[in-house]
Amino acid sequence: MNAAIRTLVLSLLLAPPAVVQAAGIDAQIERLAGEARAADPAFSAFSLERGAELHQRAFAGGKPDTPACATCHGKDPRQAGQTRTGKRIDAMASSVSPARYGDSEKVEKWFKRNCQEVLGRA
Amino acid sequence: MSALYKPSRLRAALSVLLVLGPGFFVLDRALAGGGHYYPPVSDPLVIEECGGCHMAYPPSMLPARSWQAMMASLDQHFGDDASLPAASAARIERYLMWHAGDAAGSRHAGKLLRGVSASAAPQRISELPKWVREHREVSRAEWADPKVGSKANCPACHRDAERGYFDDD
């Protein structure tokens, strides 16, 4: 996955409220920050603002019915979302869904799938 | 005081209700399930992978050849790339085929598969002739309801779909 995109998406995970984060998310952020640094020496840190903007931005490269992350996940990462087939998606914010980021493989699987559908590339 | 309201009779009546009540409830559920029971997926991997984006549909809703074709084309899964690691895919395929609607010994065979030609490997449950017939009374407005959103969203109307019951009509 493109490191810049990953940077932006991951910054979302840091969304307020700043309550206790699960151990899993810290490990994910550290891992992805390392990858981002390796891919782009100019990378300094994740940005909450860029992440929030990316979450809601409409892209043209993916599937027409899922232009943005927020299409399925909803605008507020603290709220549950819904897939196109009507299935509930637990909130993205780790403050609400602390178990969400425990497994690197799962994180990679969903970034790959969903970035493909929204951005048209992994 | 009339004999009907004697405390001893009341107690007796209550005891009978307490003993039989749950039984009636279970019987009622069994009857309601009737011909529309499709055992839900019980394998945790299948629940996790097939149930990530949509309800994990009961494998008895499609014949084994349909599941085989579906698992062979996960990279083009109804417009999405739902590819899986080979080991997971193989295990899921085995489960789906073992529990398919036409699997040997399947108690639930044929219900949704009526009218499906033996050479066809239908992919969309909602295009099976029997499915279409069962849903012809659902109005366009009901399908368009944002709480429904898609024909893939069984639990929107079938409240016990996740437990295998598809009556509610």
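Residues numbered from 1 in each chain as written. Chains lettered and ligands numbered in written order. Predicted model: local features only at pLDDT ≥ 70, side-chain atom pairs only at ≥ 80, totals over all residues. Heavy atoms only, no water.

## A closer look at the overall build of chain B
A count of helices and strands for chain B gives six helices and zero strands. Residue pairs in contact within chain B that sit at least 24 positions apart in sequence constitute 58% of those at least 6 positions apart. Surface accessibility of chain B: about 10600 Å² in total, with carbon and sulfur atoms responsible for 60%. (Helix = DSSP H or I, 4+ residues; strand = E, 2+ residues; numbered from the N terminus. Contact = heavy atoms within 4.5 Å. Areas by Shrake-Rupley, 256 points an atom, 1.4 Å probe, with all protein chains shown as cover.)

## Describing unusual backbone geometry
Here Phe-78 of chain B, not a glycine, exhibits a phi torsion of approximately 50°, which is positive. We classify Phe-78 of chain B as partly exposed; its relative accessible area is 40%. (Buried < 20%, exposed > 50% of the residue type's maximum accessible area, 1.4 Å probe, protein only.)

## Quick look at the confidence of the model for chain B
Of the residues in chain B, 86% have a pLDDT of 70 or more, and the chain-wide mean is 87. At the level of individual helices and strands, chain B shows its lowest average pLDDT in helix 1 (residues 7-33) of chain B, which scores 65, and its highest in helix 3 (residues 64-71) of chain B, which scores 98. (pLDDT = per-residue confidence, 0-100.)

## Structural notes on the nonpolar core
Val-46, Ile-92, Leu-96, Leu-112, Ile-125, Leu-128 and Phe-166 of chain B are the most contacted members of the largest nonpolar core, which totals 32 residues. At the level of secondary structure, the elements contributing two or more residues to this core comprise helix 2 (44-50), helix 3 and helix 4 (86-98) of chain B. With residues near it in sequence (within four places) discarded, Leu-128 of chain B still touches Met-61, Leu-62, Leu-112, Val-116 and Pro-122 of chain B. Residues Phe-46, Tyr-101, Val-107 and Leu-119 of chain A belong to the second largest nonpolar core, which totals 14 residues. (Core = buried A, V, L, I, M, F, W, Y, C linked by side-chain atoms within 4.5 Å.)

## Some points on the packing of aromatic side chains
The final tally for this structure, using the stated rule, is four aromatic pairs over all chains. Measuring from centroid to centroid gives 5.4 Å for Phe-43 of chain A and Phe-46 of chain A, while their planes differ by 65°, and the two rings are edge-to-face. Using a relative accessible area of 12% as the deciding quantity, one classes Phe-43 of chain A as buried. The buried category is assigned to Phe-46 of chain A, whose relative accessible area is 17%. Taking the centre distance of 5.0 Å and the plane angle of 45° together, the rings of Tyr-37 of chain B and Tyr-165 of chain B count as tilted. (Phe/Tyr/Trp six-rings, centres within 6.5 Å; stacked < 30°, edge-to-face > 60°.)

## Topic: the interface of chain A and chain B
Listed per partner, the contact involves 12 residues of chain A and 18 residues of chain B. The junction of chain A with chain B conceals about 1200 Å² of combined surface from both sides, 39% of it contributed by carbon and sulfur atoms. For the chain A face of the interface with chain B, the top three residues by lost area are Thr-85, Lys-87 and Arg-113 of chain A, together amounting to 45%. Where chain A meets chain B, there are three salt bridges. Ionic pairing is found between Glu-49 of chain B and Lys-109 of chain A, a salt bridge with its closest N-O pair at 2.4 Å. Linking chain A with chain B are seven residue pairs in polar contact (both at pLDDT 80 or more). Ranked by the residues each element gives to the side of chain A that touches chain B, the list is headed by helix 5 (residues 104-119) of chain A, at five residues. Across the side of chain A that touches chain B, the residue classes break down as one nonpolar, four polar and seven charged. (Buried area = accessible area lost by both parts, 1.4 Å probe. Salt bridge = Lys/Arg side-chain N within 4 Å of Asp/Glu carboxyl O. Polar contact = N/O pair within 3.5 Å; in protein donor to acceptor, adjacent residues only side chain to side chain. Nonpolar A, V, L, I, M, F, W, Y, C, P; charged D, E, K, R; others polar.)

## Brief notes about the packing of helix 3 of chain B against helix 4 of chain B
Residues and elements named next belong to chain B. In contact at an axis separation of 9 Å, helix 3 and helix 4 are set at 165° when each is read in the N-to-C sense. Here helix 3 is positioned roughly antiparallel relative to helix 4, judged by the angle of their axes. As for the relative orientation of helix 3 and helix 4, their crossing is right-handed in sense. Here Ala-64, Trp-67, Gln-68 and Met-71 of helix 3 lie close against helix 4, whose contacting residues are Ala-89, Ile-92, Glu-93, Leu-96 and Met-97. (Axes fitted to C-alpha atoms, helices over the stretch in contact; angles between N-to-C directions. Parallel < 35°, antiparallel > 145°, perpendicular 65-115°, else oblique. Left-handed = near helix turned anticlockwise from the far one by under 90°.)

## Focus on the confidence of the model for chain A
Residue and element names in this part refer to chain A. With 81% of its residues at a pLDDT of 70 or more, chain A has an overall mean of 86. When mean pLDDT is taken per element in chain A, helix 4 (residues 69-73) scores highest with 97 and helix 1 (residues 3-12) scores lowest with 61. Counting interchain partners and residues more than four positions distant, the pLDDT-below-50 stretch residues 16-22 has nine contacts.

## Here's the deal with the state of the cysteines
Summed over all chains, the structure comprises zero disulfides over all chains. Cys-72 of chain A carries a free sulfur, and the closest cysteine sulfur to it, the one in Cys-53 of chain B, is 8.7 Å from it. Residue Cys-72 of chain A is classed as buried on the basis of its relative accessible area, which comes to 17%. Cys-154 of chain B supplies the cysteine sulfur nearest to Cys-157 of chain B, a cysteine that is in no disulfide, at a spacing of 9.1 Å. For Cys-157 of chain B, a relative accessible area of 48% translates into the label partly exposed. (Disulfide = S-S within 2.5 Å.)

## Here we look at helix 5 of chain A
Residues and elements named next belong to chain A. Compared with an ideal rise of 1.5 Å per residue, which puts 16 residues at 22 Å, helix 5 spans 21 Å between its outermost C-alpha atoms and is within 8% of the ideal. Among the residues of helix 5, those classed as buried are Val-107, Lys-109, Phe-111, Arg-113, Cys-115, Glu-117, Val-118 and Leu-119. The residue sitting at the N-terminus of helix 5 and contributing the capping side-chain oxygen is Asp-103; that oxygen lies 2.9 Å from the backbone nitrogen of Glu-105. In the segment just after helix 5, Gly-120 is the residue with positive phi, at about 85°. (Expected span 1.5 Å × (residues − 1).)

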